[in-house]
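Each chain, written out:
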Amino acid sequence: MSEYIKEAFGNVYSMPNKYGLDLLKKILSKLNIENNDISSWIDKTIFNSSLENFYSPSKIEGWEYFSNNGKYYWNNCESENIEQNNILENEKNNVYERFKNQNKKVENIIEQIQIASYLRLIFELRYNIAQYDHIAPLLNRIEARTEDFAKVIKVVQNGEEIFKRKLTVLSLKNVNQDMKQIVPLIVAKSTYENHKYKKQEDEYFNLIVDEAHNILSETSKRESEKWKDYRLEVFEEIIKEGRKFSYFVTISSQRPADISSTIVSQVHNFFIHRLVNDNDLKLLDNTLTSLDRVSKDNIPNFSPGQVILTGVLFELPLIIQIDMLDKDNAPNSSNISLINNWLDN
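The rules behind these values
- Residues numbered from 1 in each chain as written.
- Predicted model: local features only at pLDDT ≥ 70, side-chain atom pairs only at ≥ 80, totals over all residues.
- Heavy atoms only, no water.
- 1 Å grid on protein atoms, 1.4 Å probe; cavity = no way out; pocket = protein on both sides within 12 Å on 5 of 7 lines; lining within 4 Å.
- Points joined across faces, edges and corners; volume = space filled by probe spheres on them.
- Helix = DSSP H or I, 4+ residues; strand = E, 2+ residues; numbered from the N terminus.
- Nonpolar A, V, L, I, M, F, W, Y, C, P; charged D, E, K, R; others polar.
- Salt bridge = Lys/Arg side-chain N within 4 Å of Asp/Glu carboxyl O.
- Buried < 20%, exposed > 50% of the residue type's maximum accessible area, 1.4 Å probe, protein only.
- Contact = heavy atoms within 4.5 Å.
- Patch = residues over 30% accessible without salt bridge, like charges linked within 9 Å, V, L, I, M, F, W, Y side chains within 5 Å.
- Areas by Shrake-Rupley, 256 points an atom, 1.4 Å probe, with all protein chains shown as cover.
- Pairing = 2+ DSSP bridges.
- Arc of directions from axis to C-beta.
- Polar contact = N/O pair within 3.5 Å; in protein donor to acceptor, adjacent residues only side chain to side chain.

Estimated volume of the second largest pocket: approximately 2,300 Å³. Contributing elements (two or more residues each) for the lining of the second largest pocket: helix 9 (225-241), strand 6 (247-251), strand 7 (269-272) and helix 11 (278-287). Broken down by element, the lining of the second largest pocket gets its largest block of residues, 5 residues, from strand 6. Here the lining of the second largest pocket is composed, by residue class, of 26 nonpolar, 17 polar and 7 charged.

This is the structure in structure tokens:
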């Protein structure tokens, strides 16, 4: 990190521009380091947009003084000004030593990505490889996501591999809507890739996605089309190819019509509870050939716990009644009785 900060400082002052210094300040702020603890130049430096160079109203050793306005100027060091190049090289070395003494580390992997992005952009601004206005929206998205990721993801060395357990439950109850789409994608992609290349036929992995309409929806309006397509393509590849690698997917949803039709078409077995929405019922007509008309007509009238089992495992559709769990084991998902509540009050 000390070497990176040294080079970033050199890039900022080798080719002065409007944004490089601000990015360097952001990096130091992320690391909880005062600018003056690294270099006295940083807080004194102001960008002159007309001359495209740096100046300072107060004295900086080695900068050129102009008596007509009483300011100190730092010219472009890409010129063959050997004296200024030597001054910059000395200050870079000072930055290196001062930063090294700070002994700063970044534990959060997302903040590491953020700082790496800033460092890369400082380099590209020096050599006119990138336009800041084009990259700024990406940096803003990284900044917006950093705090969200920090709340739900922690990268550790030699930690317990949670998916080695027989059963792992990841609850998204307390995460925001963006994370409800991103976290399942990370989990699905990472576990699929790991399982795919292990090639252990005697081990299987079953990914169960509850409330799948929130994760596999193709009608979401809160995200860009490109991101939505990528998210769905990952899950579609898994559900189409996963069986070859002993990786299986189970999805549960109250709104199956919102789920990608490609994903639904790859499902082999169905447990169908009560559905009343016309779009959901039409999905069954287009997807299920094993379900007879009488069974389909009964679906909107099912009582709680009633379910149709159909698919490749069943010769004929079966309608069964699932017993309710006792109160000690049942989830807290029952509906409140509004009438009783009103009468009590």
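Our focus in this paragraph is the pattern of salt bridges. Tallied over the entire structure, the rule returns 12 salt bridges. A salt bridge links Glu-61 to Lys-59; its shortest N-O distance comes to 4.0 Å. Take Lys-59: its relative accessible area is 51%, and that puts it in the exposed class. Among the ionic pairs, Lys-92 bridges to Glu-89, the shortest N-O distance being 3.7 Å. Here Glu-89 and Lys-92 lie together in helix 5 (residues 82-102), a separation of 3 residues that amounts to about one turn. Residue Glu-89 is classed as partly exposed on the basis of its relative accessible area, which comes to 35%.

Now for the environment of His-213. Its location among the elements puts His-213 in the loop between strand 5 (205-209) and helix 9. The class of His-213 is buried, set by a relative accessible area of 14%. Separated by 43 residues in the primary sequence, His-213 and Pro-256 have C-alpha atoms spaced 6.6 Å apart. Residues contacting His-213, with those up to four places away along its chain left out, are Ser-253, Gln-254, Arg-255, Asp-258 and Ile-259.

Time to look at a nonpolar patch on the surface. Residues Ile-336, Leu-338, Ile-339, Trp-342 and Leu-343 make up a contiguous nonpolar surface patch of about 630 Å² in total accessible area. Of note, Trp-342 is situated in helix 13 (residues 338-344).

Every other side chain in a regular strand lies on the same face of the sheet, so the side chains alternate between the two faces. Bridge analysis of strand 2 (residues 53-56) against strand 4 (residues 71-74) gives 3 bridges, and the strand direction is antiparallel. If you follow Tyr-55 over to strand 4, its bridge partner there is Tyr-73. Inspection of the sheet shows strand 3 (residues 64-66) paired to strand 4 by 3 bridges, in the antiparallel sense. Within strand 4, the residue paired with Tyr-65 across the bridge is Tyr-72. Hairpin connection from strand 3 to strand 4: 4 residues lie between these consecutive antiparallel strands, with Gly-70 at a positive phi of about 65°.

Moving on to helix 11. Among the residues of helix 11, those classed as buried are Asp-280, Leu-281, Leu-283 and Leu-284. What you see down the axis of helix 11 is that its buried residues fit within an arc of 150°, all on one side. Those residues of helix 11 that are exposed and angled more than 90 degrees off the buried face are Asp-278 and Asn-286. Structurally, helix 11 contributes buried residues whose contacts are with helix 10 (261-265), strand 7 and helix 12 (293-298). The opening residue of helix 11 is Asn-277, an N-cap whose side-chain oxygen sits 2.8 Å from the backbone nitrogen of Asn-279.

Distances and angles like these do not, on their own, reveal function.
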